[in-house]
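Geometric and topological summary
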Amino acid sequence: MKLSIILLSLYVAAVSAFGTSPTSRRELIKTAGAVTIAAPALIANAEVVVPEQSKEYTFPADWGLSFKYEEDAAKVRGHMVTATGLAKGSERMEEFGKNMKKEMIDFVSYYRRFPKIAGKPSFSTLYTSINVLAGHYTSYGFKYPLPEKRRKRLYQEYAEIEKSLKRGR
């Protein structure tokens, strides 16, 4: 929605630039500049749907790394999405949390050694998400779900990670 408003305002500014007024090009530059400055902030703050916490999930059997970055990043992200959505009292929640923390530590420990991978936006954002989730586990243990505010931020980061991985970045 915000993107279509931005595009519409750019279109209006471009059309009005070719008007008869001698200041119309100046107005175009002002409008386009303002839109260009505001666009990244509007797009970055786009609403992410935060699903309700649930006790129902499939316990993964594919813990561990394959040592192929794209596969491992997608797998860790997927497991983190599941961990973020778990409700209090979920079956095997503590076991899931312990496996998740080990997988996150293994992922970061292995991939941060490679400058080409450590410089990717997907790795940076995933690293930030890992720190948030690992910090929660350290402070509150594995039995307690994440607070709503933290969940919302993590889901935003997961969306960014997914976009970056699709672009190969």
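Scroll up to find the structure.
Now for a quick tour of the structure.

1. Section: helix α4 (residues 93-111)
Over its 19 residues, α4 runs 27 Å from end to end, which matches the ideal 27 Å to within 8%, given 1.5 Å per residue. Residues Met93, Phe96, Gly97, Met100, Glu103, Met104, Phe107, Val108 and Tyr111 constitute the buried set of α4. Each buried residue of α4 sits inside an arc of 130° when the element is viewed along its axis, so together they form one side. Contact partners of the buried residues in α4: α3 (69-84), α5 (115-118) and α6 (121-140).

2. Comments concerning the packing of aromatic side chains
Evaluation of the coordinates by the stated rule reveals 14 aromatic pairs. Judged by centre distance (5.1 Å) and plane angle (50°), the ring pair of Tyr137 and Phe142 falls under tilted. Here the two residues Tyr137 and Phe142 agree in accessibility, since each one is buried. One aromatic cluster is present, formed by Phe67, Tyr69, Phe107, Tyr110, Tyr111, Phe114, Phe123 and Tyr127 through successive ring pairs. The ring of Phe59 has Arg92 lying over it, and the distance from NZ or CZ to the ring centre is 3.7 Å.

3. Looking at the pattern of salt bridges
For the structure shown, the criterion picks out nine salt bridges. Glu70 is the salt-bridge partner of Lys120, the closest N and O atoms lying 3.2 Å from each other. Of this pair, Lys120 sits in the loop between α5 and α6 while Glu70 sits in helix α3, and the two are 50 residues apart along the sequence. Its relative accessible area of 42% is what places Glu70 among the partly exposed residues. Note that Asp106 and Lys102 form a salt bridge whose closest N and O atoms lie 2.8 Å from each other. With Asp106 and Lys102 both in helix α4, this residue pair falls four residues apart, about one helical turn. On the accessibility criterion, Asp106 (31% relative accessible area) is partly exposed.

Basis of the calculations
For every chain, the first residue of its written sequence is number 1, and the numbers climb from 1 along that sequence. For this predicted model, a pLDDT threshold of at least 70 governs which residues receive local features, and a threshold of 80 or more governs which side-chain atom pairs are given and counted, while totals over whole chains, interfaces and linings are taken from all residues. As a rule here, side-chain values cover all heavy atoms of the structure and leave hydrogens and water aside. Helix numbering and strand numbering both begin at the N terminus, where a helix is a DSSP run of H or I of at least 4 residues and a strand a DSSP run of E of at least 2. One less than the number of residues in a helix, times 1.5 Å, gives the span that helix is expected to have. Whether a residue is buried, partly exposed or exposed follows from its accessible area with a 1.4 Å probe, protein chains only, as a fraction of its type maximum: under 20%, in between, or over 50%, in that order. Our arc is simply the arc of the directions from the helix axis toward the C-beta atoms. The contact definition used throughout considers only heavy atoms, calling two residues in contact when any of these lie within 4.5 Å. In this analysis, rings of Phe, Tyr and Trp, with Trp reduced to its six-membered ring, are considered paired at centre separations within 6.5 Å, and the interplanar angle assigns stacked below 30 degrees, edge-to-face beyond 60, and tilted for intermediate values. Cation placement over rings: the criterion is NZ of Lys or CZ of Arg within 6 Å of the ring centroid and within 35° of the ring normal. The term salt bridge refers to a side-chain nitrogen of Lys or Arg lying within 4 Å of a carboxyl oxygen of Asp or Glu.

Geometry only, nothing functional implied.
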